[in-house]
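# Examination of the molecular architecture
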Amino acid sequence: MKIEQQYYNILWHKQPKDILLVIEQAGRTCYKSEDKITETSATPFVERLIASGHESVLEHQSFSVRFITDRGVTHELVRHRLASFSQESTRYCNYSKDKFGNELTFILPTFLYGYGSDNPSWEHWQKAMEDSEDRYFELLEDGLTPQDARSVLPNSLKTEIVVTANIREWRTILKQRTSKKAHPQMRDLMTPLLFDLDTCLTPLFHDIVDLNL
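## With respect to the nonpolar core
- Residues Ile23, Phe67, Trp170, Leu193, Leu204 and Phe205 are the most contacted members of the largest nonpolar core, which totals 36 residues.
- For this core, the elements supplying multiple residues, two or more each, are α1 (16–31), α2 (42–52), β3 (62–70), α3 (71–77), β6 (158–166), α6 (167–177), α7 (184–200) and α8 (202–212).
- When residues in this core are grouped by element, the largest group, six residues, is from α7.
- Excluding its chain neighbours within four sequence positions, the residues that come into contact with Phe67 are Tyr7, Tyr8, Leu77, Thr159, Glu160, Ile161, Val163, Trp170, Leu189, Met190 and Leu193.

Here's what the structure looks like:
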């Protein structure tokens, strides 16, 4: 059994500066103000689009993120409608095979951050994960397929999912999933992502940082 913390990788379709440029080019089509495009005009223009609520223009650009997290988080994440999802499948992945290290990997819950293995909650959680791994492998040994044996796998099971969405939908996802009302495990994953996006695409995400954080 392996225990990891969740993380993500941003998979850019274009460089951030080019994302802003394409959004500006598309948006200025509405006003026929393409002649006002300069090397520094994209940021203030995009800021004005967002401030005015003209966010449909943001749909012209997208990017993907690979999340390594637990099944509970992805059960919530796939509820977003205007996105594409490709997820590690427990129907087809047989975790008893060598390429998975002949073991299950679990994501450390946020409520255990900062605690050691001598903490009662840590001990109880770890025992539950060990039991699910034992039962999973026993079912495979009984001749069940991975899609049948997965019935004993918990929400803490590690999974990978690639999410692709346009900028407008990413803004919706991050508004909801960095909110103080979001599940702590989700918020722990999404808040660093929001900070990273604010660093490289400030005009597109800084208002969400101000709103939620």
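## Examining the packing of aromatic side chains
- By the definition in use, this model includes eight aromatic pairs.
- Geometrically, the ring pair formed by Trp12 and Phe63 is tilted, given 5.2 Å between the ring centres and 55° between the ring planes. Taken together, the residues Trp12 in the loop between β2 (7–11) and α1 and Phe63 in strand β3 connect sequence positions 51 residues apart.
- By relative accessible area, Trp12 is classed as partly exposed at 29%.
- Taken together, the ring pairs connect Trp12, Phe63, Phe67 and Trp170 into an aromatic cluster.

## Remarks on the packing of α6 against α7
- Running from amino to carboxyl end, α6 crosses α7 at an angle of 130°, the nearest separation of the two axes being 9 Å. Relative to α7, α6 is oriented oblique. Read as a crossing pair, α6 and α7 show a hand that is left-handed. Within the contact between the two elements, α6 uses Trp170, Ile173, Leu174 and Arg177 and α7 uses Met186, Arg187, Met190, Leu193, Leu194 and Leu197.
- Of the residues belonging to the contact of α6 with α7, the class tally is eight nonpolar, no polar and two charged.

## So, the pairing of β6
- Most of β6 sits inside the fold, with seven of its nine residues counted as buried.
- As judged from the nine bridges shared by β3 and β6, these two strands associate in the antiparallel manner. Within β6, the position partnered with Ile68 by the bridge is Glu160.
- Where strand β4 (residues 83–87) lies against β6, five bridges are found, and the strand directions are antiparallel.

## Brief notes about α7
- Given a rise of 1.5 Å per residue, 17 residues ought to cover 24 Å, and the 25 Å separating the end C-alpha atoms of α7 matches this to within 8%.
- Within α7 the residues assigned to the buried category are Gln185, Met186, Leu189, Met190, Thr191, Leu193, Leu194, Leu197 and Asp198.
- Against the buried residues of α7 lie β2, β3, α3, β5 (105–107), α6 and α8.

## Some thoughts on α1
- End to end, α1 covers 24 Å across 16 residues, agreeing with the expected 22 Å (1.5 Å per residue, within 8%).
- If you follow the buried residues of α1, they end up packed against α2, α6, α7 and α8.
- Once α1 ends, the next one or two residues include Lys32, with phi positive near 50°.

## Things to note about the pattern of salt bridges
- The tally for this structure, following the rule as stated, stands at 12 salt bridges.
- Residue Arg28 pairs with Glu24 through a salt bridge whose shortest N-O separation is 2.9 Å. Of this pair, Arg28 and Glu24 both sit in helix α1, four residues apart, which is roughly one turn of the helix.
- You can call Arg28 buried: its relative accessible area is 5%.
- For Glu59, the salt bridge identified is with Arg168, shortest N-O distance 2.7 Å. Of the two residues, Glu59 sits in the loop between α2 and β3 while Arg168 sits in helix α6, which places them 109 residues apart along the sequence.

Rules of the game
Residues numbered from 1 in each chain as written. Predicted model: local features only at pLDDT ≥ 70, side-chain atom pairs only at ≥ 80, totals over all residues. Heavy atoms only, no water. Core = buried A, V, L, I, M, F, W, Y, C linked by side-chain atoms within 4.5 Å. Buried < 20%, exposed > 50% of the residue type's maximum accessible area, 1.4 Å probe, protein only. Helix = DSSP H or I, 4+ residues; strand = E, 2+ residues; numbered from the N terminus. Contact = heavy atoms within 4.5 Å. Phe/Tyr/Trp six-rings, centres within 6.5 Å; stacked < 30°, edge-to-face > 60°. Axes fitted to C-alpha atoms, helices over the stretch in contact; angles between N-to-C directions. Parallel < 35°, antiparallel > 145°, perpendicular 65-115°, else oblique. Left-handed = near helix turned anticlockwise from the far one by under 90°. Nonpolar A, V, L, I, M, F, W, Y, C, P; charged D, E, K, R; others polar. Pairing = 2+ DSSP bridges. Expected span 1.5 Å × (residues − 1). Salt bridge = Lys/Arg side-chain N within 4 Å of Asp/Glu carboxyl O.

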